[in-house]
Amino acid sequence: MDYDSLVVSFSQITGHRRLLALLSRSVEHDSLPPSLVFAGPAGVGKRLTALAVAQALNCLEVSRVQAPVSGFGFDACGTCAVCTRIVRGVHPDVVVVAPDDRGSIRMEHVRDIVDRSAYRPFEGRRRVVIIDDADALGIPPQHALLKTLEEPPSSSVFILVTARPDMLLPTVRSRCPQLRFRPLAADDIATVLVARGLSESEARAVAATADGSIGQALEASAGELVEARDIAQRVLEYASSNREPGRRIDGAKELLAKTGATSFGDRDQVASHLRAMASLLRDVEVLATRADDRTLANPDVRPALERLTQTYGGERGIRAFSAIDQALVALDRNAGVKLVADWVVLHL
Ligand SMILES: [Zn+2]
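Just so you know, these numbers come straight off a predicted model, no measurement behind them.

What about the coordination of the zinc ion?
Surrounding the zinc ion are the protein donor atoms Cys59 (SG), Cys77 (SG), Cys80 (SG) and Cys83 (SG), which sit 2.3 to 2.4 Å from the metal. What the four donor atoms of the zinc ion show is an angle range of 101 to 118° at the metal, which sorts the shape as tetrahedral. In primary-sequence terms, the residues that donate to the zinc ion follow C-x17-C-x2-C-x2-C. Of this pair, Cys59 sits in the loop between helix H2 (46–58) and strand E2 (63–64) while Cys83 sits in helix H3 (residues 81–88), and the two are 24 residues apart along the sequence. Residue Cys83 is classed as buried on the basis of its relative accessible area of 0%.

Structural data, given as structure tokens:
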């Protein structure tokens, strides 16, 4: 579950609308301060936002919309070569510095970025240096940064990301306007979790205890999402190799299996297994039609997806997908859980 592997742009970041709109306008009008602190609790999207700023500054196909649908008049496309390289961490002009294994950011590292920022960007319009967990900078590295933050080269932007801005030297803080990220609303977190395959009520339960942090919520639910997908995969594989109805029904037992140590009801569990199946079948369809496979939702289980493509790559996949859809509706309308599970495996 790698949150950072998502393509980001302002419009795809959860929450923080006012703050993102401010950044979007500043990039558009070229009025972004050259050094900034993004402060706020862990796991709310500070680093993603810094990456979105880097994209907006360098995207090849920036969209300028008169009446923006997304609420942002100026945003990166999120999909061009520059945007994707920035997210993958391989753009030469967008540097992310983070603490090493021992939790500190070393002096050499800081000297290196200071030296590099004296030169023009290699290929981008602006160099963006993102210092993640900037509170891990010791006093000497902060002093080493100070001069650059004071007189930043015009082609560079520095963004210091931190949950503990008070750990930064007052001299550093006084040179960097601070944007405060607030905890996210539970509704926003639940929406993200549902998109990842949790049922509505599971998502709400996890979101309620996540302290406004998507990072924390994803961590709490990662085990369950992975387990639900394992079960979904086994049920699909079982159905594809067993034609006989009696044996098919055995597959339904998997679907009814308990996952995780949570107290979610049977109905929720079966629903999340079904949603995981739908997600796998959508990917199978992508592979079968040779559509752009960067859009796979489950790229990490690609070999399994390819095996399933032999059975579900055509019309049968579409029928199975629609059966799962009907089963989810039936569960929603309080149909018997076992009945729904039996019915759906017969229609895969
Ligand atoms: Zn782009």
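Here we look at unusual backbone geometry
Positive phi is not limited to glycine here, since Asp133 has a value of about 50°. Locating Asp133 in the fold gives a position in the loop between strand E5 (127–131) and helix H5 (139–150). The exposure class of Asp133 is partly exposed, given its relative accessible area of 37%. Here Asn334, not a glycine, exhibits a phi torsion of approximately 70°, which is positive. With respect to the helices and strands, the residue Asn334 is situated in the loop between helix H13 (315–332) and helix H14 (337–346).

Regarding the pattern of salt bridges
This model, assessed by the stated rule, comprises 16 salt bridges. Glu150 is paired through a salt bridge with Arg175; the nearest N and O atoms lie 2.5 Å apart. Of this pair, Glu150 sits in helix H5 while Arg175 is found in helix H6 (residues 170–175), placing the two residues 25 residues apart along the sequence. Taking the relative accessible area as the measure of exposure, Glu150 reaches 39% and is therefore partly exposed. Arg175 sits in the partly exposed class, given a relative accessible area of 27%.

Description of helix H9 (residues 214–241)
Between its first and last C-alpha atoms H9 spans 39 Å; for 28 residues at 1.5 Å apiece the expected length is 40 Å, and the two agree. Bending of H9 peaks at approximately 45° at the position of Ser221. Capping of H9 at its N-terminal end is provided by Ser213; its side-chain oxygen lies 3.4 Å from the backbone amide nitrogen of Gly215.

A word on the side chain of Asp93
Within the secondary structure, Asp93 is located in the loop between H3 and strand E4 (94–97). Arg127 provides the closest opposite charge to the buried, unpaired Asp93, separated from it by 4.2 Å. From its side chain, Asp93 meets the backbone nitrogen of Gly124 in a polar contact 2.7 Å long. Excluding residues that lie within four positions of it along the chain, Asp93 makes contacts with Pro121, Phe122, Glu123, Gly124, Arg126, Arg127 and Val128.

Here's the deal with the sheet that holds E5
What links the strands of a sheet is backbone hydrogen bonding, and the strands pair in either a parallel or an antiparallel sense. Spatial ordering of the open sheet is given by E4-E5-E6-E1-E7, a layout of five strands whose pairing is parallel. Each edge of the sheet is formed by a strand with only one pairing partner; in this case those strands are E4 and strand E7 (178–180). Sheet twist, expressed as the mean angle between neighbouring strand axes with direction ignored, is 20°. When strand E1 (residues 35–39) meets strand E6 (residues 156–162), the two strands line up parallel, connected through five bridges. Bridged to Phe38 within E6 is Val161. Running over the sheet, H2 touches E1, E4, E5 and E6 and is turned about 170° from E6.

Observations concerning the confidence of the model for the protein chain
It should be kept in mind that the predicted coordinates are not to be read in detail where pLDDT is low. Of all residues in the protein chain, 92% attain a pLDDT of 70 or more, and the chain-wide mean is 87. Mean pLDDT values for the elements of the protein chain range from 64 in E2 up to 97 in E1. Counting contacts from residues 1–5, a segment whose pLDDT is below 50, to residues more than four positions away or on other chains yields 13 contacts.

Brief notes about the pairing of E1
Moving residue by residue along a regular strand, the side chains alternate between the two faces of the sheet. A large share of E1 lies buried, amounting to five of its five residues. What you see with E1 is no split at all: Ser35, Val37 and Ala39 on one side and Leu36 and Phe38 on the other are buried throughout. Across three bridges, E1 lies against E7 in parallel orientation. If you follow Ala39 over to E7, its bridge partner there is Arg180.

Digging into the environment of His347
With respect to the element layout, His347 can be found in the segment after H14. Considered as a pair, His347 and Gly78 are 269 residues apart in the sequence and their alpha carbons are 38 Å apart. In this view, His347 contacts Arg248, Arg319, Ala320 and Ala323; residues no more than four positions away in its chain are not counted. Engagement of the side chain of His347 in a polar contact is seen with the backbone oxygen of Trp343, the distance being 2.8 Å.

Reading guide: rules and limits
- Residues numbered from 1 in each chain as written.
- Predicted model: local features only at pLDDT ≥ 70, side-chain atom pairs only at ≥ 80, totals over all residues.
- Heavy atoms only, no water.
- Donors = N, O, S within 2.8 Å, 3.2 Å for Na, K, Ca; no water.
- Tetrahedral: all angles 85-135°; square planar, octahedral: opposite > 155°, others 65-115°.
- Helix = DSSP H or I, 4+ residues; strand = E, 2+ residues; numbered from the N terminus.
- Buried < 20%, exposed > 50% of the residue type's maximum accessible area, 1.4 Å probe, protein only.
- Salt bridge = Lys/Arg side-chain N within 4 Å of Asp/Glu carboxyl O.
- Expected span 1.5 Å × (residues − 1).
- Bend = angle between axes of the 7 residues up to and from the residue.
- Polar contact = N/O pair within 3.5 Å; in protein donor to acceptor, adjacent residues only side chain to side chain.
- Lys, Arg positive; Asp, Glu negative; His and termini not counted.
- Contact = heavy atoms within 4.5 Å.
- Pairing = 2+ DSSP bridges.
- Axes fitted to C-alpha atoms, helices over the stretch in contact; angles between N-to-C directions.
- pLDDT = per-residue confidence, 0-100.

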